[in-house]
Amino acid sequence: MNLILWLSLVPALLVIVFAPRYGLRTLLGNWREMRTRELMEDALKHLIDREQQGRHASPESLAGTLGLPAAKVMNIIARMNSQNLIEHRGVELYLTPEGERWALHVVRAHRLWERYLADEARLPLEKIHAEAHRREHSLTPAQADELDAALGYPTRDPHGDPIPNRDGVLPSGGGTPLTAWQTNRPARIVHLEDEPELAYAQILAAGLRLGQTIRIIETAPERYVLSDGEAEYLLAPAVAANVHVAPLPESMLALTDAVPLDELRHNQRGEIVALDEACQGFTRRRFLDLGLTPGTTIYPELKNSFGDPRGYRVRGTLIALRREQANQVWVKPT
Amino acid sequence: MPPNPTNPPDATEILAKADQLRGTLGTGFRDEIVKSLYNEAETIARRAVHAEGDHKYDFDQRIDRIVTSPIFGLPIMLLMLAVIIWITVIGANAPSNLIASGLFWVEAQAANLFESWGIPWWITGFLWHGVYRGLAWVIAVMLPPMAIFFPMFTFLEDLGYLPRVAFNLDFLFKKSGAHGKQALTMAMGFGCNAAGVVATRVIDSPRERLIAILTNNFVPCNGRFPTLIMLGTVFVAAAFPPAFASIAAAGSVVGVVVIGVIFTLVVSWALSKTILKGEASAFTLELPPYRRPNFIRILYTSLIDRTLFVLFRAVQTAAPAGAVIWILANINLGNVSLAQHIADFLNPFGLLLGLDGVILLAYIIAIPANEIVVPTMLMVYLGTGMMTDLPGLNDLKTLLVDMHGWTMLTAINLMLFALLHNPCATTIITIYKETNSKKWAALGALLPLGIGFVVTFTTASIARLFGWV
């Protein structure tokens, strides 16, 4: 009895472990292969990041970023070397053209995913970096092209970072750190640095968002005070350096005496000036489809006994919007 | 200048040029495109359409002010829903009996004919008392309620009233991270959960649509109302003095519906905090002008698109289920049918949930349609070889309480389990077809079932702890 049991159990186990495609050994091997590739791609990203900042990367900086012991980092460096992705100059590490191409692909995949997750999947902003990081490794260049086309060739990710195009070329034009901006000069937030995460969380917690128009009203060694005309925002100087701003573009100047749609009183007419910069992707397309285009007259017509949503009359139809949506439409009361 | 045919520009050259020009477009060019389209449309419309006065607006506004008012809004809505469900339940009785007696007459005649030809009893039984009876039962009990409910529902839809319901109730769904239009798909679910799942197509963002699909089963459909009403009348009403009996029965059914709505909201909230995390996407709800309903369109949409669509899917699963039910009831091991063996095996688990083995068995084999759960249950209790109709209410009570040990706890937990269990096979298939994913279909089936187990186990434990049973 026991013998029969063992005789059947042992081959079964052998099959489970060594089966060619779905055996545990193959699966474990695949998993380790994937894990190594992910680490390598993270290493390449670190290198290109350093190069863009004009600093050099070293095994130590790499170990710090990846959070790995030195021995493992050396393994990864050896592997990248053997694939001709990097070269040493003393202790400094540099990307070869081949390595740079790969690194730019990973950067592109990451930022396209962020754009997708923010605009189409509507994931909360503080969640998209981690999710994009998880997904960036499984995208082939052809799939990245498809994603790029589906998103309408965006040039910046939701934090304002430039997205490289198919050939690895970065769009030009960045912002100035808030710490280098003059007091009282109106500025538009063009980039929120999402690393380190702690600083990014503080920026979001303060209530700042991409596309917002602000002024610095006070600088002190321990804090920056900003204003958008209504609310005031407090930032530590170290965090303020992670907020990048640019001068107001022409189209934004029109927004100066506009209010969010939600602030119109019952039956008060307004003319749509613009849709908010933060409103992208799915939401923006929906608004445009419904005819919420600049220059259109709109007014709240139907109250709700629970306050939200309200019914707005636009182009002869009645459309209900929640407060959050109505706040993304800027109108000029008439 | 015409293009030079001898030297067409290279495709890659054009693409490169396009790539280069794209950078100079700026961010607002899509807005500009839509704006120019709208301007063009406006110009055309101004030439062709002349508006005189605003009478239509005023009339619509007056109705809107009433149906969305803080005092009348919710009561009007609840009243309409109650009336529709009441008409459906009452009105479906007679046609159901008529269809049933017609179809079962055919069964009896066919069985007699087979017998006279000398065909073995088990072929006759399998074909006519199994497969055919399963089909006939599902058609008889499903068709009339749906043919009554869906036209009334479609009437309100065509009238333009339903979007106002979504408008009124959105505040509840907003708090659960869901879409206000889920109120409509829920209302549709009272007619049929499979139709409710299809109706979620009106929700245009995928996340909120999935929430609506996964929680649709928490509103009891037509097929479950008769079970609820039967239990409410036989058990709950009997615990009250005769003067309050009918109110108690109605109250218990309404109570179950309210529990279902609460579960819908709580589970929607939980889903939007866990596996379907995300922000509420664009909530835009069009409130169309009221219009005179088009009766031909109503009949077409409700009967062809909804009733027949659902019935056809149900029939596909009912025939095999009829066969399985007949086999389980007619194959004996020892002196006892297979069905009884399985029921005995499930009994300890059933008792743990305050139910019993037969009830669980009935829910397993009657998965194609909730309507055949009670007939299957009675078949096993009575030991007959085919699905059996309700005896009189008093006989029913004797059968269940005196012979099979039902208590108030069994009745209440069965009401809860009728609300909280896996959706019928038709709905599961529909979830699969709508989401195109086995994963979501499985979750849509297991989530309510798991909740049902937890809830019935909890009520059973509490009742036993306090020594009520």
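Owing to the predicted nature of the structure, the values given are computational and were not obtained by experimental measurement.

Parameters and conventions
- Residues numbered from 1 in each chain as written.
- Chains lettered and ligands numbered in written order.
- Predicted model: local features only at pLDDT ≥ 70, side-chain atom pairs only at ≥ 80, totals over all residues.
- Heavy atoms only, no water.
- Helix = DSSP H or I, 4+ residues; strand = E, 2+ residues; numbered from the N terminus.
- Buried < 20%, exposed > 50% of the residue type's maximum accessible area, 1.4 Å probe, protein only.
- Contact = heavy atoms within 4.5 Å.
- Areas by Shrake-Rupley, 256 points an atom, 1.4 Å probe, with all protein chains shown as cover.
- Rg over C-alpha atoms; globule rule 2.2 N^0.38 Å.
- Lys, Arg positive; Asp, Glu negative; His and termini not counted.
- Charge placed at Lys NZ, Arg CZ, Asp CG, Glu CD.
- Pairing = 2+ DSSP bridges.
- Axes fitted to C-alpha atoms, helices over the stretch in contact; angles between N-to-C directions.
- Salt bridge = Lys/Arg side-chain N within 4 Å of Asp/Glu carboxyl O.
- Phe/Tyr/Trp six-rings, centres within 6.5 Å; stacked < 30°, edge-to-face > 60°.
- Buried area = accessible area lost by both parts, 1.4 Å probe.
- Polar contact = N/O pair within 3.5 Å; in protein donor to acceptor, adjacent residues only side chain to side chain.
- Domains from an automatic or database assignment.
- Parallel < 35°, antiparallel > 145°, perpendicular 65-115°, else oblique.
- Nonpolar A, V, L, I, M, F, W, Y, C, P; charged D, E, K, R; others polar.
- Expected span 1.5 Å × (residues − 1).
- 1 Å grid on protein atoms, 1.4 Å probe; cavity = no way out; pocket = protein on both sides within 12 Å on 5 of 7 lines; lining within 4 Å.
- Points joined across faces, edges and corners; volume = space filled by probe spheres on them.
- Core = buried A, V, L, I, M, F, W, Y, C linked by side-chain atoms within 4.5 Å.

## Regarding the overall build of chain B
Consideration 1: In terms of regular secondary structure, chain B is built from 19 helices and 3 strands.
Consideration 2: Viewed in the frame of its principal axes, chain B has a C-alpha envelope of about 95 × 65 × 45 Å.
Consideration 3: Counting over 469 residues, chain B shows a buried share of 48%.
Consideration 4: Considering only contacts in chain B between residues 6 or more positions apart, those separated by 24 or more positions represent 75%.
Consideration 5: As displayed, chain B offers around 23,100 Å² of accessible surface, 70% of which is attributable to carbon and sulfur atoms.

## Some remarks on the overall build of chain A
Consideration 1: When helices and strands are tallied, chain A shows 12 helices and 14 strands.
Consideration 2: Relative to its length of 334 residues, chain A is extended, with a C-alpha radius of gyration of 26 Å against a globular reference of 20 Å.
Consideration 3: A buried classification covers 45% of the 334 residues belonging to chain A.
Consideration 4: A total of about 17,100 Å² of accessible surface is found on chain A, and carbon and sulfur atoms cover 56% of it.
Consideration 5: Across chain A, the 38 positively charged side chains and the 43 negatively charged ones have centroids separated by 5 Å.

## Side note on the sheet that holds strand S6 (residues 223-227) of chain A
Residue and element names in this part refer to chain A.
Consideration 1: Spatial ordering of the open sheet is given by S3-S8-S4-S5-S6-S7, a layout of 6 strands whose pairing is antiparallel. Two strands close off the open sheet at either side, each with one partner strand: strand S3 (176-177) and strand S7 (232-235).
Consideration 2: Sheet strands in contact with helix H8 (residues 197-206) are strand S4 (187-192), S7 and strand S8 (243-246), and its direction is about 165 degrees off that of S7.

## Some thoughts on the pattern of salt bridges
Residue and element names in this part refer to chain A.
Consideration 1: The final tally for this structure, using the stated rule, is 31 salt bridges over all chains.
Consideration 2: The residue Arg111 makes a salt bridge to Asp157 at a minimum N-O spacing of 4.0 Å. Here Asp157 lies in the loop between helix H7 (141-150) and S3 and Arg111 lies in helix H5 (residues 97-119), a separation of 46 residues in the sequence. For the pair formed by Arg111 and Asp157, the shared burial category is buried.

## Notes on the packing of aromatic side chains
All names here are of chain B.
Consideration 1: Inspection of every chain in the model, using the stated rule, returns 18 aromatic pairs over all chains.
Consideration 2: Ring centres of Phe126 and Trp326 lie 6.2 Å apart, and the angle between their planes is 80 degrees; this geometry places the pair in the edge-to-face category. Of the two residues, Phe126 is situated in helix H5 (residues 121-159) and Trp326 in helix H12 (residues 295-330); the sequence distance between them amounts to 200 residues.
Consideration 3: Overall, the relative accessible area of 30% leaves Phe126 in the partly exposed class.

## Structural notes on the interface of chain B and chain A
One widely used convention gives an interface's size as the accessible area the parts lose upon coming together.
Consideration 1: Between chain B and chain A, the contact holds 38 residues from the first and 40 residues from the second.
Consideration 2: For the pair chain B and chain A, the two sides together bury roughly 3,600 Å², of which 55% comes from carbon and sulfur.
Consideration 3: Among the salt bridges present, the one from Lys174(B) reaches Asp308(A), with a minimum N-O distance of 2.3 Å.
Consideration 4: Where chain B packs against chain A, one counts 17 residue pairs in polar contact (both at pLDDT 80 or more).
Consideration 5: Of all elements in the fold, only helix H1 (11-22), helix H2 (29-48), helix H3 (55-67), helix H6 (162-175) and strand S1 (284-287) of chain B reach the threshold of two or more residues within the side of chain B that touches chain A.
Consideration 6: In terms of strand pairing, strand S13 (residues 317-321) of chain A meets S1(B) through 4 bridges, oriented antiparallel. By the bridge assignment, Leu318(A) is partnered in S1(B) with Leu287(B).

## A look at the domain arrangement of chain A
Consideration 1: Splitting chain A by domain gives domain 1 (2-95), domain 2 (176-248) and domain 3 (254-333).
Consideration 2: When each unit is reduced to the centre of its C-alpha atoms, the spacing between domain 2 of chain A and domain 3 of chain A is 27 Å.

## Some remarks on the sheet that holds strand S12 (residues 310-314) of chain A
Within a sheet, each strand pairs with its neighbour through backbone hydrogen bonds, oriented either parallel or antiparallel.
Consideration 1: Read across the sheet, 7 strands follow the order S9(A)-S14(A)-S10(A)-S11(A)-S12(A)-S13(A)-S1(B) without closing on themselves; strand pairing throughout is antiparallel. Two strands close off the open sheet at either side, each with one partner strand: strand S9 (259-260) of chain A together with S1 of chain B.
Consideration 2: Summarising the sheet, S9(A) and strand S14 (residues 329-333) of chain A pair through 2 bridges and their orientation is antiparallel. By the bridge assignment for S14(A), Pro260(A) is matched with Trp330(A).
Consideration 3: Along the sheet face, H6(B) touches strand S11 (297-302), S12 and S13 of chain A together with S1 of chain B and points at about 140 degrees away from the line of S1(B).

## So, the pairing of S6(A)
Residue and element names in this part refer to chain A.
Consideration 1: Among the 5 residues in S6, 4 count as buried, and that is most of the element.
Consideration 2: Joining the antiparallel neighbours strand S5 (residues 213-220) and S6 is a turn of 2 residues.
Consideration 3: As paired strands, S6 and S7 are joined by 4 bridges and run antiparallel to one another. Along S7, the bridge assignment pairs Ser227 with Glu232.
Consideration 4: Counting the residues between successive antiparallel strands, the hairpin from S6 to S7 contains 4 residues, one of them, Gly229, with a positive phi of roughly 95 degrees.

## Points about the packing of helix H10 (residues 225-236) of chain B against helix H16 (residues 393-404) of chain B
Residues and elements named next belong to chain B.
Consideration 1: For the pair H10 and H16, interaxial distance at closest approach is 10 Å and the crossing angle is 80 degrees. Here H16 runs roughly perpendicular to H10, going by the angle between their axes. Contacts between H10 and H16 involve Met230, Thr233, Val234 and Phe235 from the first element and Leu393, Leu396, Lys397, Leu400 and Val401 from the second.
Consideration 2: Here the contact of H10 with H16 is composed, by residue class, of 7 nonpolar, 1 polar and 1 charged.

## Observations concerning helix H19 (residues 438-465) of chain B
An α-helix turns once per 3.6 residues; consequently, residues spaced three or four apart project the same way.
All names here are of chain B.
Consideration 1: For H19, spanning 28 residues, the distance from its first C-alpha to its last is 40 Å, which sits close to the expected 40 Å at 1.5 Å a residue.
Consideration 2: Listed in full, the buried residues belonging to H19 are Trp440, Ala441, Gly444, Ala445, Pro448, Leu449, Ile451, Gly452, Val455, Thr456, Ala460 and Ala463.
Consideration 3: Contact partners of the buried residues in H19: helix H9 (206-215), helix H11 (242-273), helix H13 (338-352), helix H17 (408-419) and helix H18 (425-435).
Consideration 4: For H19, the capping residue at the N-terminal end is Ser437, with a side-chain oxygen 3.2 Å from the backbone nitrogen of Lys439.
Consideration 5: Looking one or two residues past H19, Gly467 carries a phi angle of roughly 70 degrees, positive in sign.

## With respect to empty space enclosed by the protein
Where empty space is left becomes clear once a probe the size of a water molecule has been rolled over the atoms.
All names here are of chain B.
Consideration 1: Across all of its chains, the model carries 6 cavities of 30 Å³ or more by this definition.
Consideration 2: Reported here for the largest cavity is a volume of approximately 100 Å³.
Consideration 3: Taken together, 16 residues line the largest cavity, and the ones lying closest to its centre are Met142, Cys192, Cys221, Gly223 and Glu371.
Consideration 4: For the lining of the largest cavity, the secondary structure elements donating two or more residues are H5 and H18.
Consideration 5: If one sorts the elements of the lining of the largest cavity by residue count, H5 sits on top with 3 residues.
Consideration 6: Here the residues of the lining of the largest cavity are counted per class, giving 8 nonpolar, 7 polar and 1 charged.
Consideration 7: When its volume is computed, the second largest cavity comes out at roughly 50 Å³.
Consideration 8: Residue classes in the lining of the second largest cavity are distributed as 7 nonpolar, 3 polar and no charged.

## Re the nonpolar core
One recurring pattern in soluble globular proteins is that nonpolar side chains are buried together.
Consideration 1: In this structure, Val165(B), Leu231(B), Ile359(B), Met377(B), Tyr381(B), Trp406(B) and Leu414(B) are the most contacted members of the largest nonpolar core, which totals 102 residues.
Consideration 2: Looking at this core, the element that brings in the most residues is H5(B), giving 8 residues.
Consideration 3: Not counting residues within four places of it along the chain, the set of residues in contact with Leu414(B) comprises Leu231(B), Leu355(B), Ile359(B), Tyr363(B), Met377(B) and Trp406(B).
Consideration 4: With 22 residues, the next largest nonpolar core counts Leu39(A), Ala43(A), Leu66(A) and Val107(A) among its residues.

## Some thoughts on unusual backbone geometry
Consideration 1: Residues other than glycine seldom take positive phi values, yet Asn184(A) does so here, at roughly 75 degrees.
Consideration 2: Following the sequence through the fold, Asn184(A) ends up in the loop between S3 and S4.

## Things to note about the side chain of Arg108(A)
Consideration 1: Tracing the chain through its elements places Arg108(A) in helix H5.
Consideration 2: A polar contact is formed between the side chain of Arg108(A) and the backbone oxygen of Pro164(A), at a distance of 3.4 Å.

## Brief notes about the packing of H13(B) against H19(B)
In helix packing, the relevant descriptors are the interaxial angle and the interaxial distance, both defined with respect to the helix axes.
Residues and elements named next belong to chain B.
Consideration 1: For the pair H13 and H19, interaxial distance at closest approach is 8 Å and the crossing angle is 70 degrees. With respect to H19, the axis of H13 lies roughly perpendicular. Here Phe349, Leu351 and Leu352 of H13 come into contact with H19, specifically with Phe453, Phe457, Ala460 and Arg464.
Consideration 2: Its residues placed into classes, the contact of H13 with H19 shows 6 nonpolar, no polar and 1 charged.

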